Amino acid sequence: MTAVGIDKLGFYTAPYYLDMTDLAHARNEDPNKFKIGLGQEQQSVTPVTQDAVTLAANASEAILDADDRDTIDLVILATESGVDQSKAGAIYLHHLLGIQPHARAIEVKEACYSGTYGLQAACDYIHRHPERRALVVASDIARYGIESGGEPTQGSGAVAMIVSANPRIAVVNDDAVFTAKDIMDFWRPNYSSTAMVDGHYSNEQYLAQLEDVWTTYQQDTQLSLSDFEAICFHLPYTKLGIKGMRTLFEKENASETDQTRLMANFEISRYYNRHVGNLYTGSLYLSLVSLLARTESLTGGARIGMYSYGSGAMSEFFSLMLVDGFQQMIPRDAIEQLLATRQQVSVEEYEQLFREARPTDGSDVTFDAHNDASDFRLLRMEGHRPHYGRENA
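Remember, predicted model here, so these are calculated numbers, not experimental data.

Visitor: Could you clarify how one ought to interpret the sheet that holds strand β2 (residues 16–19) in this entry?
Guide: Within a sheet, adjacent strands bond to each other through the backbone by hydrogen bonds, running parallel or antiparallel. Judged by pairing direction, the sheet is mixed, and its 3 strands sit side by side in the order β3-β2-β15 without closing on themselves. Looking at strand neighbours, the two that pair on one side only are β3 (42–45) and β15 (343–344), the edges of this open sheet.

Visitor: How do you make sense of the packing of aromatic side chains when you look at a structure like this?
Guide: Two descriptors summarise a pair of aromatic rings, namely the distance from one centre to the other and the angle between the planes of the rings. Inspection of the entire model under this criterion finds 16 aromatic pairs. Between Tyr-144 and Tyr-280 the ring centres are 6.3 Å apart and the planes differ by 80°, which places this aromatic pair in the edge-to-face class. Residue Tyr-144 is found in the loop between β6 (133–142) and β7 (155–165), and its partner Tyr-280 is found in the loop between α10 (271–276) and α11 (283–294); the two are separated by 136 residues along the sequence. Both residues of the pair, Tyr-144 and Tyr-280, belong to the buried class. Centroid distance Trp-214 to Tyr-217: 5.8 Å. Interplanar angle 20°. Geometry classified as stacked. In this pair, Trp-214 and Tyr-217 are both assigned in helix α7 (residues 199–221), 3 residues apart and thus about one turn of the helix distant. Its relative accessible area of 0% is what places Tyr-217 among the buried residues. Counting every residue linked through ring pairs, the aromatic cluster contains Tyr-206, Phe-233, Phe-266, Tyr-307 and Tyr-309. Directly above the ring of Phe-354 sits Arg-143, whose terminal nitrogen or CZ lies 3.9 Å from the centroid.

Visitor: How should the pairing of β2 be read in this particular structure?
Guide: Within a regular beta strand, the side chains point alternately toward one face of the sheet and then the other, so they alternate between its two faces. Residues Tyr-16 and Leu-18 line one face of β2 and the alternating positions Tyr-17 and Asp-19 line the opposite face, and both faces are buried. Relative to β3, β2 runs antiparallel, the two sharing 4 bridges. Bridging across to β3, Leu-18 finds its partner in Gln-43. In terms of strand pairing, β2 meets β15 through 2 bridges, oriented parallel. What sits directly across from Tyr-16, in β15, is Gln-343.

Visitor: Would you mind showing me how to read unusual backbone geometry here?
Guide: Glycine aside, the phi torsion of most residues is negative, and most peptide linkages are trans. Going from Gly-312 to Ala-313, the amide bond is cis rather than trans, its omega being 10°. On the secondary structure map, Ala-313 appears in the loop between β13 (303–310) and β14 (314–322). Located in the positive-phi region is Glu-147, a residue other than glycine, with phi close to 65°. Locating Glu-147 in the fold gives a position in the loop between β6 and β7. A positive phi angle, near 65°, is found at Gln-222, a position not held by glycine. Inspection of the secondary structure assignment puts Gln-222 in the loop between α7 and β12 (230–233).

Visitor: I tried to follow α11 on my own but got confused; where do I start?
Guide: The terminal C-alpha atoms of α11, which comprises 12 residues, lie 16 Å apart, in line with the 16 Å expected from a rise of 1.5 Å per residue. For α11, the tally of buried residues reaches 11 of 12 residues, placing the bulk of the element in the interior. Along α11, the positions that sit buried rather than exposed are Ser-283, Leu-284, Tyr-285, Leu-286, Ser-287, Leu-288, Val-289, Ser-290, Leu-291, Leu-292 and Ala-293.

Visitor: Just checking my understanding: could you explain the pattern of salt bridges for this structure?
Guide: A side chain with one charge may pair with a side chain of the opposite charge, provided their charged atoms come close. Enumeration according to the criterion identifies 21 salt bridges in this entry. As a salt-bridge pair, Arg-133 and Asp-7 come within 2.7 Å of each other at their nearest N and O atoms. Remark: Asp-7 occurs in strand β1 (residues 4–12) and Arg-133 occurs in strand β6; sequence separation between them is 126 residues. Each member of the pair, Arg-133 together with Asp-7, is buried. A salt bridge links Lys-8 to Asp-68; the shortest N-O distance between them is 2.7 Å. Highlighted residues: Lys-8 in strand β1 and Asp-68 in helix α4 (residues 66–71), separated in sequence by 60 residues. Each of Asp-7, Lys-8, Asp-65, Asp-68, Arg-133 and Arg-168 takes part in one network of salt bridges that share partners.

How each quantity is defined
Residues numbered from 1 in each chain as written. Predicted model: local features only at pLDDT ≥ 70, side-chain atom pairs only at ≥ 80, totals over all residues. Heavy atoms only, no water. Pairing = 2+ DSSP bridges. Helix = DSSP H or I, 4+ residues; strand = E, 2+ residues; numbered from the N terminus. Phe/Tyr/Trp six-rings, centres within 6.5 Å; stacked < 30°, edge-to-face > 60°. Buried < 20%, exposed > 50% of the residue type's maximum accessible area, 1.4 Å probe, protein only. Lys NZ or Arg CZ within 6 Å of the ring centre and 35° of its normal. Expected span 1.5 Å × (residues − 1). Salt bridge = Lys/Arg side-chain N within 4 Å of Asp/Glu carboxyl O.

Purely spatial values, then, with no claim about function.
Right, dumping it as structure tokens:
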């Protein structure tokens, strides 16, 4: 069978960030509650000129070339921050990126899990059409509300993946184990612009379902922690990944050698997440980007575990096999520059940006760029229609 997997990876986030120490002081909290208790240093702050579509387009634009645009015929946007209840954001994305017209473009949703479904669906498609390519983008804006319990776990961004035969980054192994369970740990009704969450219950379910899928995965594959060089986790906040790792260590009675290796690589894998915040569908894949961009030890042939969790709930465990030379395909310098050049905002400025919204009454509005130098922005609204592009008009 032809090897199929991730050929290119791209990442983008909003042009502003809030320091968690500043947020803690404004909320009369000890900064260590956020920086150590949650494992977060900064969170991206999203202006009205950026949404799930533009973040996805900006993440994708940096990695696409002419051959990609000619051969991609499947575009999947995974998001729980959709901009329309009917029209898929992938339609806008397909147009903005100039991908050839004879393509499927769809949007998928299941809380933070749908990026994984998008990746697996794209792999299935490429196995049947190895001469084609697929674009999968996990793009979201995590919003809980000012002074809400979830406020310190907000964030935004998008991770773009080009899926192809004979990939240059990682092969997606055919070993996935998944489970669905109807629970109410996190949700956002259609009438609400912010999420609702039962935090303690959600954490419990995240860990319980990790134990469930890992047990079945071991039974199906006969693999153990010693077979993995690293494990990446969905990270709504990075401390939760530590709890997940400890759950696996206790379940398997892991050796000191395995624990040391896996924890060292976990620290590398959560670096970007600590400085961006929650990406919902993209959090697991930002963790992968961080691991591959900043590793100094991983080589081709390394097996990477992937734990995907989406509230409501879906969970999945699968693995990737790194390809020789994968480092050359990871745009570390561009990502580091993106994060370094974001503009820091005060708590007051963050609150102002948070409250600014597109009109809901059909008003015509042209948006100020807010110093947003992103390639793609929401330019204006006309009669309930969003207009995206590269420059204000």
